[in-house]
Amino acid sequence: MSLADYKKKRRFNKTPEPGPEKKTSEMGNIFVVQKHRATQLHYDFRLEADGVLKSWAVPKGPPLDPKVKRLAMQVEDHPVDYADFEGVIPEGEYGGGTVMVWDYGIYAPENTDSVAKALAKGELKFTLLGKKLKGSYVLVRTRDRQWLLMKHRDKYAKEEDVTETQPYSAVTKRTLAEIAEDEGGNIKKATTGDPKKLPRRTGLKRRKKSAKKKIWHSNKGAG
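What counts, and at which threshold
- Residues numbered from 1 in each chain as written.
- Predicted model: local features only at pLDDT ≥ 70, side-chain atom pairs only at ≥ 80, totals over all residues.
- Heavy atoms only, no water.
- Buried < 20%, exposed > 50% of the residue type's maximum accessible area, 1.4 Å probe, protein only.
- Helix = DSSP H or I, 4+ residues; strand = E, 2+ residues; numbered from the N terminus.
- Contact = heavy atoms within 4.5 Å.
- Lys, Arg positive; Asp, Glu negative; His and termini not counted.
- Salt bridge = Lys/Arg side-chain N within 4 Å of Asp/Glu carboxyl O.
- Polar contact = N/O pair within 3.5 Å; in protein donor to acceptor, adjacent residues only side chain to side chain.
- Pairing = 2+ DSSP bridges.
- pLDDT = per-residue confidence, 0-100.

1. Description of helix H4 (residues 176-183)
Logical step 1: Judged by how many residues are buried, H4 sits mostly within the fold: 7 of 8 residues are covered.
Logical step 2: All of the buried residues along H4 are Leu176, Ala177, Glu178, Ile179, Ala180, Asp182 and Glu183.
Logical step 3: Residues of H4 that are buried sit in contact with strand S1 (30-37), strand S2 (41-49), strand S5 (87-89), strand S6 (97-110) and helix H5 (187-191).
Logical step 4: Just downstream of H4 lies Gly184, where phi reads positive at about 80 degrees.

2. Quick word on the side chain of Arg70
Logical step 1: Tracing the chain through its elements places Arg70 in strand S4 (residues 69-79).
Logical step 2: For Arg70, which is buried and forms no salt bridge, the nearest opposite charge comes from Asp161, at a distance of 4.4 Å.

3. Here we look at the environment of Ser136
Logical step 1: Tracing the chain through its elements places Ser136 in strand S8 (residues 134-143).
Logical step 2: A relative accessible area of 12% means that Ser136 is categorised as buried.
Logical step 3: Spatially, the C-alpha atoms of Ser136 and Lys189 are 34 Å apart, while their sequence positions differ by 53 residues.
Logical step 4: Excluding residues that lie within four positions of it along the chain, Ser136 makes contacts with Glu110, Phe126, Thr127, Lys151, His152 and Asp154.
Logical step 5: Only 2.9 Å separates the side chain of Ser136 from the side chain of Glu110, close enough to count as a polar contact.

4. Notes on the pairing of S1
Logical step 1: Judged by how many residues are buried, S1 sits mostly within the fold: 8 of 8 residues are covered.
Logical step 2: The side-chain alternation of S1 yields two buried faces, one formed by Ile30, Val32, Gln34 and His36 and the other by Phe31, Val33, Lys35 and Arg37.
Logical step 3: With 7 bridges joining them, S1 and S2 adopt antiparallel strand pairing. Note on S2: the bridge partner recorded for Val32 is Arg46.
Logical step 4: Connecting S1 to the next strand, S2, in antiparallel fashion are 3 residues.

5. Considerations on the confidence of the model for the protein chain
Logical step 1: With 91% of its residues at a pLDDT of 70 or more, the protein chain has an overall mean of 92.
Logical step 2: The model gives residues 212-223 a pLDDT under 50, and that stretch makes 31 contacts with residues more than four places away or in other chains.

6. Some words on unusual backbone geometry
Logical step 1: Positive phi is not limited to glycine here, since Asn111 has a value of about 60 degrees.
Logical step 2: Here Asn111 is to be found in the loop between S6 and helix H2 (115-121).
Logical step 3: Classification of Asn111 by relative accessible area gives exposed; the value is 74%.
Logical step 4: For Asp144, which is not a glycine, the phi torsion comes out positive at approximately 45 degrees.
Logical step 5: Turning to its location among the elements, Asp144 is positioned in the loop between S8 and strand S9 (146-151).
Logical step 6: A residue is classified by how much of its surface remains accessible, and Asp144, at 68% relative accessible area, is exposed.

Below you can see the structure in the form of structure tokens.
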């Protein structure tokens, strides 16, 4: 896959998503998880490799529990600049809905010098260092574009649904509904992607629309 597939699906005069430029971040090994309420709620799991973000749609989100296996459907490569994108894709456009930067950081492949070769073989082990996700994981292809995302047993493993306990944006501390409200999206639709009972918001207070929208940039490292 290449960014040609990404470009083909989008009208950049209509969507605020970044253009299909191939580049490398300053760190060279960023990852991002974007919570995306489109037709259905899912989590877009992205790993930087070869100048793009290798991407999978994970319907139930990444696990912390090693006993849990998450379906991950490989989708088109995305540009590295997409790691910064939090906002609203207009309804009627591809992927129309609200997008949250749910987690971000850096990652390191395990037992391989080439992410592309490991993916071609159908298994990639890697270690994440994010705000919410940490420790060892593996992606295993089961068939075609279908993969499984699994957490290895280590000191970061927990019997916890992190999508419920940590539902806020990793950069702006907003819910999906708040992002939709601030950015002119469908608030009612976005609300269905938030937990019915929100946990207490910790750390930085919510950054509203009037505040600087992007407080982390992929070309500046994981912050």
